Amino acid sequence: MRIVIAEDDPLLREGLALLLRAEDLDVVATAGTPGEFLVAVDDHAPDVAIVDVRMPPTHTDEGIVAAVEARRRRPGLAVLVLSAYVEQAFATDLFSVGAAGLGYLLKERVGRVEEFLAALHRVADGGSVIDPEVVAQLLARNRRTDTALSELSPREREVLGLMAEGLGNSAIAERLFVTDGAVHKHIRSIFSKLQLPPDDQADRRVTAVLRYLNGGRR
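So, here's what we can say about the structure. All values derive from a computational prediction rather than experimental measurement.

Calculation notes
Residues numbered from 1 in each chain as written. Predicted model: local features only at pLDDT ≥ 70, side-chain atom pairs only at ≥ 80, totals over all residues. Heavy atoms only, no water. Helix = DSSP H or I, 4+ residues; strand = E, 2+ residues; numbered from the N terminus. Buried < 20%, exposed > 50% of the residue type's maximum accessible area, 1.4 Å probe, protein only. Contact = heavy atoms within 4.5 Å. Areas by Shrake-Rupley, 256 points an atom, 1.4 Å probe, with all protein chains shown as cover. Pairing = 2+ DSSP bridges. Right-handed = clockwise from strand over helix to strand, strands pointing away. Axes fitted to C-alpha atoms, helices over the stretch in contact; angles between N-to-C directions. Arc of directions from axis to C-beta. Core = buried A, V, L, I, M, F, W, Y, C linked by side-chain atoms within 4.5 Å. Expected span 1.5 Å × (residues − 1). Polar contact = N/O pair within 3.5 Å; in protein donor to acceptor, adjacent residues only side chain to side chain.

## Some thoughts on the overall build of the protein
Here comes step 1: A count of helices and strands for the protein gives eleven helices and six strands.
Here comes step 2: For the protein, with 218 residues in total, the buried portion stands at 49%.
Here comes step 3: Taking all contacts inside the protein whose residues are at least 6 apart in sequence as the whole, residues at least 24 apart take part in 64%.
Here comes step 4: Within the structure as shown, the protein displays about 10200 Å² of accessible surface, and the carbon and sulfur contribution to it stands at 51%.

## Here's the deal with the pairing of strand β5 (residues 102–106)
Here comes step 1: Counted residue by residue, β5 has five buried out of five residues, so it is predominantly covered.
Here comes step 2: Alignment of strand β4 (residues 78–83) against β5, held across five bridges, turns out to be parallel. When the bridges of β5 are listed, Val 81 appears paired with Tyr 104.
Here comes step 3: One ladder, built from three bridges, connects β5 with strand β6 (residues 128–130); its direction is parallel. The residue of β6 that forms the bridge with Leu 102 is Ser 128.
Here comes step 4: The parallel pair β5 and β6, bridged by helix α5 (residues 113–124), forms a crossover whose chirality is left-handed.

## A look at the sheet that holds strand β3 (residues 48–52)
Here comes step 1: The strand order across the open sheet built from six strands is β2-β1-β3-β4-β5-β6, with neighbouring strands paired in parallel fashion. At either margin of the open sheet sits one strand with a lone partner, and together these are β2 (26–31) and β6. Ignoring strand direction, the axes of neighbouring strands in this sheet form an average angle of 20°.
Here comes step 2: Here helix α3 (residues 62–73) sits on the sheet in contact with β3, β4 and β5, set at roughly 180° to β4.
Here comes step 3: Strands in contact with α5 are β1 (2–6), β3, β4, β5 and β6; relative to β4, the strand with the most contacts, it is inclined by about 145°.

## Some thoughts on helix α9 (residues 169–176)
Think of an α-helix as 3.6 residues a turn; residues three or four steps apart then line up on the same face.
Here comes step 1: Residues Asn 169, Ile 172, Ala 173 and Leu 176 constitute the buried set of α9. For α9, the arc enclosing every buried residue in end-on projection is 100°, short of the 170-degree limit, so these residues lie on one face.
Here comes step 2: Trailing α9 by a residue or two, Phe 177 shows a phi angle of about 60°, which is positive.

## Remarks on the nonpolar core
Here comes step 1: Ranked by internal contacts, the top residues of the largest apolar core, which has 29 residues, are Phe 37, Val 51, Val 79 and Val 81.
Here comes step 2: At the level of elements, β1, β2, α2 (34–44), β3, α3, β4, β5 and α6 (132–143) are the ones that each hand at least two residues to this core.
Here comes step 3: Excluding anything up to four places from it in sequence, Val 51 contacts Ala 6, Phe 37, Gly 63, Val 79, Leu 80, Val 81 and Leu 82.
Here comes step 4: Counting residues in hydrophobic clusters, the runner-up holds 21 residues, among them Leu 20, Val 27, Leu 120 and Val 129.

## As for unusual backbone geometry
Here comes step 1: A cis amide bond links Pro 56 with the next residue in sequence, Pro 57, at an omega value of 5°.
Here comes step 2: Take Pro 57: it is sitting in the loop between β3 and α3.
Here comes step 3: Residue Asp 24 is not a glycine yet carries a positive backbone phi of 65°.
Here comes step 4: The exposure class of Asp 24 is exposed, given its relative accessible area of 72%.

## Observations regarding α5
Here comes step 1: Between the first and last C-alpha of α5 there are 16 Å, a value that for twelve residues agrees with the 16 Å anticipated at 1.5 Å per step.
Here comes step 2: Its buried side turned inward, α5 meets β1, α1 (10–22), β3, β4, β5 and β6.
Here comes step 3: After α5 finishes, the residue Gly 126 shows a positive phi value of roughly 95°.

## Some words on the environment of Arg 73
Here comes step 1: With respect to the helices and strands, the residue Arg 73 is situated in helix α3.
Here comes step 2: Judged by its relative accessible area of 37%, Arg 73 falls in the partly exposed class.
Here comes step 3: In this structure, the C-alpha to C-alpha distance between Arg 73 and Leu 38, residues 35 residues apart in sequence, is 8.9 Å.
Here comes step 4: If we ignore the near neighbours within four places in the chain, the residues touching Arg 73 are Leu 38 and Asp 42.
Here comes step 5: At a separation of 2.6 Å, a polar atom in the side chain of Arg 73 contacts the side chain of Asp 42.
Here comes step 6: There is a polar contact of 2.8 Å between the side chain of Arg 73 and the side chain of Glu 69.

## Focus: the environment of Ala 40
Here comes step 1: Looking at where Ala 40 falls in the secondary structure, it is placed in helix α2.
Here comes step 2: With 30 residues separating them in the primary sequence, Ala 40 and Ala 70 have C-alpha atoms 9.8 Å apart.
Here comes step 3: Ignoring anything within four residues of it in the chain, the contact list for Ala 40 reads Val 4, Ala 29, Ala 45 and Pro 46.

Keep in mind these values describe shape, not function.
Below, the structure is given as structure tokens:
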């Protein structure tokens, strides 16, 4: 796995590189600006990019913009975005064109090394990952204002959150100590209440959940 890291904080950038190299992963380049990152993508053809959301010069959404451009230049590039805060617009923008090979984690998750590495490998394998705290906060924010989401049962909201994290039916069943059949039933009910077409493909499920959390925008 060839990895490029884009992070303007030199301590975090080098810390990430050391952590990954200690796991025998190939960090081929690091970058402190969006421009340097895109050059590294062109020069090194990485399999995965780890990108900070807020980068120079304005420290707003440069990382997201660069990540989208990197995937345009290198189709199939897996991207794991790191953010210090739960930022709904950035999460939904990132996943707006599909969720395969994409992840969105809070930076604090890096300190939980096993979880971080598991997320990195899932994204590299073409899966999708959304930080559980991001999912929880987005669900809480939108449940207060959206009547459709408020109609979900507590168990359906749990299943929806795990779907948004990228878990498949079997993984959800294991997490909740229920059968696969029960999970499938909950998912059918969720899609019905949210007026979303049911689909068992993980990337489309995550995209549908995030689209809904963003107020139903398509």
